[in-house]
Amino acid sequence: MRRIFRHLLLAAAIASYCESTLAESRARPEPIFRHVSLGSFGRLELGLVPSQIEKISEKIGPGVYRLRPNSFGGAETIVVITNSAEAISEIRFQYGVGYDFAEKRSIYERSLGPSSRTDRTGGNETTVWNDGRTQIELVRRIDQGYASFLTMRDVSRGQ
């Protein structure tokens, strides 16, 4: 009888663990995206060395490139920053009037889940998502209703 009772307890414990693991995985959002598709210009991905970035951008500083206008739907300007190993460490998207901050935040919350935090400092409101590998920051000037910019940052290597 004890043996049966032990097996029942073990089965209940395993079932409980499996149920909580399944519920946790359902609640966990998708990993944060790490790349940007630029159509015929190719793809840029955090942590990778961009091939032929000179063909689609102008170098504006050491390891800093500004992509040609209209390279990516919606953003007025895209700046790519590389680290000392020439891998992409950050991609910044500059937005302007017409890109509603609340709408953009809602879109990201649907795909990434709730934000890690929201800060209001220095006249800016910043909403942050961080999965330990990638960080997304959506920023607006508090006195403006539109999204000012979005930064996608590689945080996997302490960047």
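Criteria and cut-off values
- Residues numbered from 1 in each chain as written.
- Predicted model: local features only at pLDDT ≥ 70, side-chain atom pairs only at ≥ 80, totals over all residues.
- Heavy atoms only, no water.
- Helix = DSSP H or I, 4+ residues; strand = E, 2+ residues; numbered from the N terminus.
- Buried < 20%, exposed > 50% of the residue type's maximum accessible area, 1.4 Å probe, protein only.
- Contact = heavy atoms within 4.5 Å.
- Areas by Shrake-Rupley, 256 points an atom, 1.4 Å probe, with all protein chains shown as cover.
- Pairing = 2+ DSSP bridges.
- Axes fitted to C-alpha atoms, helices over the stretch in contact; angles between N-to-C directions.
- Expected span 1.5 Å × (residues − 1).
- Arc of directions from axis to C-beta.
- pLDDT = per-residue confidence, 0-100.
- Core = buried A, V, L, I, M, F, W, Y, C linked by side-chain atoms within 4.5 Å.

**Details of the overall build of the protein**
Scanning the protein for helices and strands turns up two helices and 10 strands. Order of helices (α) and strands (β) in the protein, N terminus to C terminus: α-β-β-β-β-β-β-α-β-β-β-β. Relative to its 159 residues, the protein shows a buried fraction of 34%. Here the analysis covers contacts within the protein between residues at least 6 apart in sequence; of these, 42% occur between residues at least 24 apart. Of the roughly 10100 Å² that the protein leaves accessible, carbon and sulfur atoms contribute 53%.

**Focus: the sheet that holds strand 10 (residues 149–154)**
Overall, antiparallel pairing links the eight strands, which are arranged 3-4-5-6-10-9-8-7 in an open sheet. Single-partner strands in this sheet number two, and they are strand 3 (57–61) and strand 7 (117–121). When the angles between neighbouring strand axes are averaged without regard to direction, this sheet yields 20 degrees. Summarising the sheet, strand 6 (residues 88–94) and strand 10 pair through five bridges and their orientation is antiparallel. Looking at strand 10, one finds that Phe93 is bridged to Leu150. Contacts from helix 2 (residues 101–112) reach strand 8 (124–130), strand 9 (134–141) and strand 10 within the one sheet, and its direction differs from that of strand 8 by about 10 degrees.

**Thoughts on helix 2**
With 12 residues, helix 2 should cover 16 Å at 1.5 Å per step; its first-to-last C-alpha distance of 16 Å lies within 8% of that length. Taken residue by residue, helix 2 has Phe101, Lys104, Tyr108 and Leu112 as its buried positions. Around the axis of helix 2, the buried residues are gathered within 70 degrees of arc, so they sit on the same side. Buried positions along helix 2 lie against strand 8, strand 9 and strand 10. A positive backbone phi angle near 90 degrees is found at Gly113, which sits one or two residues after helix 2.

**Overview of the environment of Ile53**
Examined against the element boundaries, Ile53 turns out to sit in the loop between strand 2 (43–45) and strand 3. Placed 27 residues apart in sequence, Ile53 and Val80 show a C-alpha to C-alpha distance of 9.2 Å. What Ile53 contacts, discounting residues up to four positions off in sequence, is Tyr65 and Val80.

**Remarks on the confidence of the model for the protein**
Confidence in the prediction of the protein, expressed as mean pLDDT, is 79, and 77% of residues score 70 or more. Contacts of residues 4–28 to residues separated by more than four positions or lying in other chains number zero contacts, the stretch itself having pLDDT below 50.

**Some words on the nonpolar core**
Judged by nonpolar contacts, the single largest core of 25 residues is most densely connected at Val80, Ile91 and Phe93. Non-local contacts of Ile91, meaning those with residues more than four positions away in its chain, are made with Val36, Leu44, Leu46, Ile78, Val79, Leu150, Thr151 and Met152.

**Points about the environment of Thr118**
Secondary-structure assignment places Thr118 in strand 7. C-alpha separation for the pair Thr118 and Leu138, spaced 20 residues apart in sequence, amounts to 9.4 Å. Aside from chain neighbours lying at most four places away, what touches Thr118 is Glu125, Thr126 and Thr127.

**With respect to unusual backbone geometry**
Phi at Glu86 takes a positive value of approximately 70 degrees, unusual for a residue other than glycine. Inspection of the secondary structure puts Glu86 in the loop between strand 5 (77–82) and strand 6. Using a relative accessible area of 53% as the deciding quantity, one classes Glu86 as exposed.

**Examining the environment of Ser84**
With respect to the secondary-structure elements, Ser84 resides in the loop between strand 5 and strand 6. Taking the C-alpha atoms as reference, Ser84 lies 9.5 Å from Pro62; in sequence the two are 22 residues apart.

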